[in-house]
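# Understanding the architecture of this molecule
Chain residues, written in single-letter form:
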Amino acid sequence: MSKPTPPKSWLHTCSRVLLRLARIAAVTYLGLLLVMLWLENYLIYPAPRYPDGDWNADRVAAEDVYFTSADGTKLHGWYFHHAQPRAHVLYCHGNGDCVAYHAEYLQRLSESQRIAIFSFDYRGYGRSEGTPSEAGVLQDSIAARDWLANRAELPLQQIVLMGRSLGGAVAVDLAAESGARGIILQNTFTSMPDVAAPMYWFLPVRLFMRTQYNSAAKIDRYSGPLLQSHGTADRLVPIGVGKKLFDLAPTHTKAFFPIDGGDHNDHEPEEYYRVLDRFLADLP
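These notes cover the structure that comes with them. (Residues numbered from 1 in each chain as written. Predicted model: local features only at pLDDT ≥ 70, side-chain atom pairs only at ≥ 80, totals over all residues. Heavy atoms only, no water.)

## With respect to the nonpolar core
Here is the rule: Throughout this description, the term nonpolar core refers to a set of buried Ala, Val, Leu, Ile, Met, Phe, Trp, Tyr and Cys residues connected via side-chain atoms within 4.5 Å. A simple rule labels every residue: compare its accessible area, found with a 1.4 Å probe on the protein chains alone, to the largest value its type can have, and call it buried under 20%, exposed over 50%, or partly exposed in between. Contacts are assigned to residue pairs that have any heavy atoms within 4.5 Å of one another.
In terms of nonpolar packing, the biggest core is built from 50 residues, with Phe 67, Leu 90, Phe 118, Leu 161, Ile 183, Phe 189 and Tyr 213 touching the most fellow members. Excluding anything up to four places from it in sequence, Phe 189 contacts Ser 165, Leu 166, Ala 169, Val 195, Tyr 213, Ser 215, Val 237, Val 241 and Leu 245. Formed by 31 residues, the second largest nonpolar core is a distinct cluster that contains Met 162, Ile 184, Phe 257 and Leu 280.

## A closer look at helix H8 (residues 270–281)
Rules: Helical segments are the DSSP runs of H or I of at least four residues, strand segments are the runs of E of at least two, and each set is numbered from the N terminus. Given the number of residues in a helix, its expected span is that number minus one, multiplied by 1.5 Å. Relevant arc is that of directions from the helix axis to the C-beta atoms, nothing else.
Between its first and last C-alpha atoms H8 spans 17 Å; for twelve residues at 1.5 Å apiece the expected length is 16 Å, and the two agree. Buried within H8 we find Tyr 272, Tyr 273, Val 275, Leu 276, Phe 279 and Leu 280. Along H8, the residues classed as buried sweep out an arc of 160° about the axis, all on the same side. Those residues of H8 hidden inside the fold are in contact with helix H2 (103–113), strand E5 (160–164), strand E6 (182–186), strand E7 (226–231) and strand E8 (254–259).

## Examining the sheet that holds E7
Definition in use: Between any two strands, pairing holds if DSSP finds at least two bridges. Each axis is a line fitted through C-alpha atoms, and for a helix only the stretch in contact is used; angles between axes span 0 to 180 degrees, taken between their N-to-C directions.
With mixed pairing, eight strands are arranged side by side in an open sheet as E1-E2-E4-E3-E5-E6-E7-E8. Single-partner strands in this sheet number two, and they are strand E1 (63–68) and E8. Recorded for the sheet is a direction-independent mean angle of 20° between the axes of neighbouring strands. The pairing of E6 with E7 spans four bridges and is classified as parallel. Residue pairing for E7: Ile 183 is matched across the bridge by Leu 226. Against the sheet, H2 contacts strand E2 (74–80), strand E3 (88–92), strand E4 (116–121), E5 and E6, and its axis sits at roughly 45° relative to E2. Here H8 sits on the sheet and contacts E5, E6, E7 and E8; the angle it forms with E6, its principal contact strand, is near 165°.

## A closer look at the pattern of salt bridges
Inclusion rule: Salt bridges are counted wherever a side-chain nitrogen of Lys or Arg sits within 4 Å of a carboxyl oxygen of Asp or Glu.
Enumeration over the complete set of coordinates arrives at 16 salt bridges. The salt bridge partner of Arg 210 is Glu 40, with a shortest N-O separation of 3.9 Å. Taken together, the residues Arg 210 in the loop between helix H6 (205–208) and E7 and Glu 40 in helix H1 (residues 8–44) connect sequence positions 170 residues apart. Relative accessible area serves as the criterion here: at 7%, Glu 40 is assigned to the buried category.

What follows is the structure in structure tokens.
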């Protein structure tokens, strides 16, 4: 015997319930997408601001520097002088950093590697004015490199660019546009969507993300020396993303240093500093 056909009213009720649930799910998903779009800048730029951190520049013999970005935004940085530097380095920090956080690290680099190094805070970070954005951060890096080149009385192409994570994308952008004596990248990425997409797999990140920092599309315009390092246990930017950028670099003068067991914000081992020393010594 065939099963009895459910009353039409029952089928109609089920259809209405399913349609209502689908609408609720769609509205919820759209709301989540709008919230994430609204929070994009906050998530990318968790900018530490003064007075957070130790801002006593005398503890590391750093020189306070104030300079201005092209749009008039007042910026701040610390310059670590060296009496006989073998290189002048512009250091571009990560998205959760500021000069007060990494001062001891920069001082160690200056002394152990015999370099003069200038680190600056992007707009909205530390003592720098303004609100961070991709266009603004890249504009700030141009102003910082110009300041260092003027201070050192060197052409722009003779500045060594060093960047960690987000700062690596900033360094690649500078090198692609104007060249560099060399670039040193730490735990950086091909593009911001390449980092965000696996984290937020349930959202159409590549379609809607405004912030790009597309180093993969820029690195082929730089053909100078490159030293790139990456932690093998990096949970924020997987080492494969960094290695992909390295493989895209057209230069033949490049080296990739994997940091065994290193996470995104871990310090480099002593062997890294020996590799860095050789890289700096071999710069043209």
